[in-house]
Amino acid sequence: MATKRKTAASAAPATAPAAAAAAAVAVAAPAAAPVFEAPVESWADTILRTNFASVEQDSIVLLQAASSLLESETPEKVTVALDQNLKLWIAIKTVLLNSDCPVEPEVKANLRNLAQFVVSTTMLATQGTIEERKLVSLARLNMNIAEGLLSGQRNRMIQERAYAIWQEEGCPEGREQEHWLRAEAEVTGLFRS
């Protein structure tokens, strides 16, 4: 099933009577005091701010983008989800070019390739339609990256805790597996709570 992507060319032109009626309603309505709303940080802004170094925030952003892609039911929602996801991946690619980005070089290269896939898939969608399976593919990509980030964070935490346990016990030889399993149980308990 293909989902129609709304483009400027496919949008219905506004008619003069409809535009005039809308303007008349706007003039007739009482002027309300402007309400200040703090701007909501976009997914791309979050990635640019964290420099792809805050595993939890970056994972949440990727999962939100995946959810948005999967829940898009109308052409307008598909367009918004694709545009926001594209901006997210352009931000990821931008951050990966930054020398301060803590991501390992091999992972950077893989993520840059994935970013290129997202860009090319999204650009194909600007031609008017995108297959539902491609939306699902983009969403799964985001979910897999988020899962990988969290898994890497979890493994680092286990490694650091196992080392701390080893030091606390006086650096005994031959008990690495015991220390690792204890650390794994502690970290798993943290993730559950």
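We now turn to the structure provided with this report. If you're wondering where the values come from, they're calculated on a predicted model, not measured in any experiment.

About the criteria used
Residues numbered from 1 in each chain as written. Predicted model: local features only at pLDDT ≥ 70, side-chain atom pairs only at ≥ 80, totals over all residues. Heavy atoms only, no water. Helix = DSSP H or I, 4+ residues; strand = E, 2+ residues; numbered from the N terminus. Buried < 20%, exposed > 50% of the residue type's maximum accessible area, 1.4 Å probe, protein only. Contact = heavy atoms within 4.5 Å. Areas by Shrake-Rupley, 256 points an atom, 1.4 Å probe, with all protein chains shown as cover. Expected span 1.5 Å × (residues − 1). Salt bridge = Lys/Arg side-chain N within 4 Å of Asp/Glu carboxyl O. Phe/Tyr/Trp six-rings, centres within 6.5 Å; stacked < 30°, edge-to-face > 60°. Core = buried A, V, L, I, M, F, W, Y, C linked by side-chain atoms within 4.5 Å.

Details of the overall build of the protein chain
Within the protein chain one finds 7 helices and 2 strands. Start at the N end of the protein chain and walk to the C end: the helices and strands fall as β-α-α-α-α-α-β-α-α. Burial status across the protein chain gives 31% buried among its 193 residues. Within the protein chain, contacts between residues separated by at least 24 positions form 67% of all contacts whose residues are at least 6 apart in sequence. Counting only carbon and sulfur atoms, one obtains 59% of the accessible surface of the protein chain, whose full area is about 12200 Å².

Brief notes about the environment of Lys87
Along the chain, the position of Lys87 falls in helix H4 (residues 75-96). Residue classification places Lys87 among the partly exposed residues on the basis of a relative accessible area of 46%. The sequence separation of Lys87 and Asp45 amounts to 42 residues, and the corresponding C-alpha distance is 9.1 Å.

Things to note about H4
Here H4 is 22 residues long and its end C-alpha atoms lie 31 Å apart, about the 32 Å a rise of 1.5 Å per residue gives. Of the residues making up H4, those classed as buried are Val78, Thr79, Ala81, Leu82, Asn85, Leu86, Leu88, Trp89, Ala91, Ile92, Val95 and Leu96.

Remarks on the pattern of salt bridges
Two side chains of opposite charge can pair, provided their charged atoms sit close to one another. In this structure the tally under the stated criterion is 5 salt bridges. Here Arg175 and Glu169 are joined by a salt bridge, their closest N and O atoms 2.8 Å apart. Judged by its relative accessible area of 29%, Glu169 falls in the partly exposed class. The residue Glu169 makes a salt bridge to Arg182 at a minimum N-O spacing of 2.5 Å. Separated by 13 residues along the polypeptide, Glu169 in the loop between helix H6 (132-168) and helix H7 (176-192) and Arg182 in helix H7 bring together distant segments of the chain. The exposure class of Arg182 is partly exposed, given its relative accessible area of 32%.

Here we look at the packing of aromatic side chains
As enumerated under the stated definition, the model contains 1 aromatic pair in all. Residues Tyr163 and Trp166 carry aromatic rings whose centres are separated by 5.5 Å and whose planes lie at 40° to one another, so their mutual orientation is tilted. Here Trp166 and Tyr163 lie together in helix H6, a separation of 3 residues that amounts to about one turn. Tyr163 gets classed as partly exposed once you look at its relative accessible area, which sits at 47%. The class for Trp166 is partly exposed, based on a relative accessible area of 25%.

A look at the nonpolar core
Judged by nonpolar contacts, the single largest core of 33 residues is most densely connected at Ile47, Phe52, Leu62, Leu82, Leu88, Trp89 and Ile92. Taken together, the elements giving at least two residues each to this core come down to helix H2 (43-50), helix H3 (55-70), H4, helix H5 (105-125) and H6. The element contributing the most residues to this core is H4, with 9 residues. Counting residues in hydrophobic clusters, the runner-up holds 5 residues, among them Ile158, Ile165, Ala183 and Val187.

Purely spatial values, then, with no claim about function.
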